[in-house]
Amino acid sequence: MPPQDPQSDTPIPREMAGVTDTTHPIPLELLGEIFAQFLPVFMDQAGRAQLTKLCLVSKRWNDAARQTPTLWSSLRIILGLTASYPFQNVLTWFNRSGVAPKSLTIFVVPHYVPCVTPDKCRLTGTGLLPFLEEGLSFKCLRIISKGGRCYRHLLEAVPNRRIWDNLKAASFKLTGEVPLDSSNFLSLSMPQSLTSFELHLPNHPLAQYDRDYPTNLTSFQIPPELLNSLTSFSFRCNWEASPIILTTMQHCTNVTTLMLNLEDGRLQCDDSDPFIRSLSRDGLLLPKLQTLCLRQSQPSEAAKLFKYLKAPNIHDIDVSFEGCETDLELQQYNNGTFVKVDDEDPYFDCPRVSDGDAEILEVDESFGQALGVFMGRSGSSQCTLRSLRLHYASITRAALSTMLAPLGPLTHLVLDEFDLDGDCFKDIRVSSVLPNLRVLELLNLPTEYTLEHVDAFMGGDEGDQGVTLKATRRDLELCCPMHSQRKPQEAPEIAPTPFIGARKMGHFLTARYDD
């Protein structure tokens, strides 16, 4: 007899019975994908603890986890806490990933005694080199260490080993101070197959205190042959007394995605320098660049950069003016006890530590003029720019008008965490300044900001211009087209929800590698 709908006497069709059966088990493949969405991308101690607990729920959950290779394809480990590291457990972990691309992130505990020899180095002297001889093929290798000498020891030891054969992406992050203890380590046998590279140079200790302090930083160089092979490059540096950012970019001829983090520093732009004069005259050509991201950049420095660049194939620009946050206490890294829930690694890329205190800088008309120079130099008649995102600044109506003037081909505009004048969009029409615009996002607006002039900018009573508006305030979301009829509401207070393997801010949970 076919099952019946409990809400009526009508029998459920036989072909639908399996669909409506709530006791039908979730396929293991789907269950594994659910685990992957829940767990961190890079498996640190806390992530491994969460996965271990999931495997202990039931045999079925354990089978689902073991049959999902991506759960075992990445690790983040800490070296330097002990004389040797149990890399055999690391090998066992990665073997469960099968043929899935593997990623290894290594955080070297900060130390104050230089690594004189490879066997005494906290990176290469803890068992890493014998582990690399096992022949595992890595897609991405990420290393966070204090000094350049650790990287030198690694590059001198493994140039001919199989880890280099298939390595496509690498990330080197130096957490110490300049001058580097080994300035030219990148010239030593970098992988020839590398197409994506992330380099974070150490912060200059006087960059934020004495802007005119002379520094001898010209000895550090990134090999041009390495830059020429890259399609994706992320560079973080605030060495103000050195033109390293501009001199490095001139070799990025094949880069399609470029991210620059200036850390609130200034570009070295001495007009007496022949190289700078040539950039002012001809521009710095990046022929294949499609996506440009700027982080921790002051509006004036971003304007300087746009005046120099020439990118005929640019599609997307993403600029954040949010300032650099002070690094957290070094002691937390010495004992490996700090981790932020949403961060990839414990030392870099940290989101804002506290809200509401960061200085909001003003984007003036010079920024829009620099964008105009960039658009003209890149070829305004056939401009390929489609998306522009600006984050964390304030802007006036005059500056906004100047900025929008050269952006006619733009289809997607995002102003995120912007302080806008009440009349910022007054007397401006999207049909006249941005005729190709299809999406306008005004995100995290001040609570008191109204959308009266935005309505007029979008077309108002003149009819639908085909533009989708998404506007959010810091305590509620405004939905088009009914945003003008929605009453402000207090943001609901959401209680934290505990979950399996939940971790508290500032603490690692321990986990075992073995079965």
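Residues numbered from 1 in each chain as written. Predicted model: local features only at pLDDT ≥ 70, side-chain atom pairs only at ≥ 80, totals over all residues. Heavy atoms only, no water.

1. Points about the overall build of the protein chain
On a plain count of helices and strands, the protein chain comes out with 16 helices and 17 strands. Counting across all 515 residues of the protein chain, residues that qualify as buried make up 46%. In the protein chain, once contacts between residues fewer than 6 apart in sequence are set aside, the share between residues at least 24 apart is 79%. Total accessible area on the protein chain is roughly 25,200 Å²; 51% of this is exposed by carbon and sulfur atoms. (Helix = DSSP H or I, 4+ residues; strand = E, 2+ residues; numbered from the N terminus. Buried < 20%, exposed > 50% of the residue type's maximum accessible area, 1.4 Å probe, protein only. Contact = heavy atoms within 4.5 Å. Areas by Shrake-Rupley, 256 points an atom, 1.4 Å probe, with all protein chains shown as cover.)

2. Description of the packing of aromatic side chains
If you walk through the whole model with that rule in mind, you get 15 aromatic pairs. Ring centres of Tyr151 and Phe185 lie 5.4 Å apart, and the angle between their planes is 25 degrees; this geometry places the pair in the stacked category. Here Phe185 lies in the loop between strand S4 (169-174) and strand S5 (196-200) and Tyr151 lies in helix H7 (residues 148-157), a separation of 34 residues in the sequence. The same class applies to Tyr151 as to Phe185, namely buried. When the ring of Phe306 is compared with that of Phe367, the centres are 5.9 Å apart and the planes differ by 80 degrees; the resulting orientation is edge-to-face. Here Phe306 is found in helix H11 (residues 299-308), whereas its partner Phe367 is found in helix H13 (residues 365-379), with 61 residues between them in sequence. Look at Phe306 and you get buried, because its relative accessible area is 1%. Among the aromatic residues, those joined into a cluster by ring pairs are Tyr151, Phe172, Phe185, Phe197, Phe233 and Phe235. (Phe/Tyr/Trp six-rings, centres within 6.5 Å; stacked < 30°, edge-to-face > 60°.)

3. Description of unusual backbone geometry
Its identity as a non-glycine residue notwithstanding, Gln296 has a phi of 50 degrees, on the positive side. Looking at the secondary structure, you find Gln296 in the loop between strand S9 (291-295) and H11. You can call Gln296 buried: its relative accessible area is 15%.

4. Digging into the confidence of the model for the protein chain
Scored by pLDDT, the protein chain has a mean of 77; 73% of the residues are at 70 or more. Counting contacts from residues 207-216, a segment whose pLDDT is below 50, to residues more than four positions away or on other chains yields 14 contacts. Here residues 476-515 is a poorly scored stretch, pLDDT under 50, and it has 73 contacts once near neighbours within four places are set aside; other chains count. (pLDDT = per-residue confidence, 0-100.)

5. Focus: helix H2 (residues 28-38)
For H2, every residue scored as buried is listed here: Leu28, Leu31, Gly32 and Phe35. End-on view of H2: buried residues confined to an arc of 100 degrees, all on one side of the axis. Set apart from the buried face of H2 by more than 90 degrees, the exposed residues are Glu29 and Gln37. (Arc of directions from axis to C-beta.)

6. A closer look at the environment of Leu413
Mapped onto the elements of the fold, Leu413 is located in strand S14 (residues 412-420). With 24 residues separating them in the primary sequence, Leu413 and Leu437 have C-alpha atoms 7.6 Å apart. For Leu413, the residues in contact, after removing those within four places along its chain, are Leu388, Leu404, Leu434, Leu437, Val439, Leu440 and Glu441.

7. Concerning the pattern of salt bridges
Per the stated rule, a full pass over the model turns up 11 salt bridges. Look at the salt bridges and you will find they share partners, linking Arg295, Asp318, Arg389 and Asp416 into a network. (Salt bridge = Lys/Arg side-chain N within 4 Å of Asp/Glu carboxyl O.)

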